[in-house]
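Notes for the structure review
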Amino acid sequence: QVQLVESGGGLVQAGGSLRLSCAASGSIFSINAMVWYRQAPGKQRELVAAIRSGGSTNYADSVKGRFTISRDNAKNTVYLQMNSLKPEDTAVYYCAADITARKGTLPSDYWGQGTQVTVSS
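Residues numbered from 1 in each chain as written. Predicted model: local features only at pLDDT ≥ 70, side-chain atom pairs only at ≥ 80, totals over all residues. Heavy atoms only, no water.

**Side note on the overall build of the chain**
Summing up its helical and strand segments, the chain has zero helices and eleven strands in all. Shown N-terminal to C-terminal, the secondary structure of the chain runs as helices and strands in the order β-β-β-β-β-β-β-β-β-β-β. The C-alpha radius of gyration of the chain comes to 14 Å, within 12% of the 14 Å expected for a compact globule of 121 residues. With respect to the three principal axes, the spread of C-alpha positions in the chain is 50 × 25 × 25 Å. Expressed as a percentage of its 121 residues, the buried residues of the chain come to 39%. By sequence separation, contacts in the chain at least 24 residues apart represent 56% of the contacts at least 6 residues apart. For the chain, the accessible area works out to roughly 6,400 Å², and carbon and sulfur atoms hold 47% of it. Charge separation in the chain, taken as the distance between the mean sites of 12 positive and 8 negative side-chain charges, equals 4 Å. (Helix = DSSP H or I, 4+ residues; strand = E, 2+ residues; numbered from the N terminus. Rg over C-alpha atoms; globule rule 2.2 N^0.38 Å. Buried < 20%, exposed > 50% of the residue type's maximum accessible area, 1.4 Å probe, protein only. Contact = heavy atoms within 4.5 Å. Areas by Shrake-Rupley, 256 points an atom, 1.4 Å probe, with all protein chains shown as cover. Lys, Arg positive; Asp, Glu negative; His and termini not counted. Charge placed at Lys NZ, Arg CZ, Asp CG, Glu CD.)

What follows is the structure, encoded as structure tokens:
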């Protein structure tokens with residue numbers, strides 16, 4: 001069984017920074033893409049940033065230049081460094097990962113429980 005656990009959310013003033021972490025644990029053979037999504041009240045969930053096993057990344061236009069995604073493969077952990085936060089960044093942030101649990105099996109998507117980020121003006 002695979003679990004993803006996020007941490008690092010909280011309340012911050014506009015212009016401040018937060019660092020989110022998401023650690024995968026359990027039966028893991030390999031982790032492919034790791035992704036951060038967010039969902040604000042009344043809005044659809046949107047992709048914030050993604051990082052592939054080789055290290056390539058992509059970002060939503062709204063966060064380019066402010067957020068940085070990274071991963072520590074030895075720790076099965078993905079990070080999201082969020083700088084210059086804006087009130088419109090307020091949302092529940094979820095991590096997701098494409099994980100192969102056992103060698104020779106197909107990968108599956110796993111999700112964390114979400115962590116609240118609130119940016120006050």
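Having seen the structure, we can now continue with the description.
**Some thoughts on the nonpolar core**
Within the largest apolar cluster, 29 residues are counted, with the highest numbers of intra-cluster contacts made by Trp36, Val48, Phe67, Leu80, Met82 and Tyr93. At five residues, strand E9 (residues 91–100) tops the list of elements feeding residues into this core. What Leu80 contacts, discounting residues up to four positions off in sequence, is Leu18, Arg19, Leu20, Trp36, Val48, Ala49, Phe67, Thr68, Ile69 and Tyr93. (Core = buried A, V, L, I, M, F, W, Y, C linked by side-chain atoms within 4.5 Å.)

**Digging into unusual backbone geometry**
Backbone geometry follows two general trends: most residues other than glycine have a negative phi, and most peptide bonds adopt the trans configuration. In this model, Asn76 sits at a positive phi of 50°, which is unusual for a non-glycine residue. Phi is positive for Ser84, close to 50°, though the residue is something other than glycine. By the secondary structure assignment, Ser84 is in the loop between strand E8 (77–82) and E9.

**Points about the sheet that holds strand E1 (residues 2–7)**
The four strands lie next to each other as E1-E3-E8-E7, forming an open sheet whose pairing is antiparallel. The sheet terminates laterally at E1 and strand E7 (67–72), the two strands that pair on one side only. Sheet twist, expressed as the mean angle between neighbouring strand axes with direction ignored, is 15°. Judged from the six bridges that link them, E1 and strand E3 (residues 18–26) form a sheet pairing that is antiparallel. Each residue of the ladder has a partner; that of Ser7, found in E3, is Ser21. (Pairing = 2+ DSSP bridges. Axes fitted to C-alpha atoms, helices over the stretch in contact; angles between N-to-C directions.)

**Points about the pattern of salt bridges**
The final tally for this structure, using the stated rule, is four salt bridges. Residue Arg38 pairs with Asp89 through a salt bridge whose shortest N-O separation is 3.0 Å. Here Asp89 lies in the loop between E8 and E9 and Arg38 lies in strand E4 (residues 30–39), a separation of 51 residues in the sequence. Just as Arg38 is buried, Asp89 falls in that class too. (Salt bridge = Lys/Arg side-chain N within 4 Å of Asp/Glu carboxyl O.)

These values are about where atoms sit, not about what they do.
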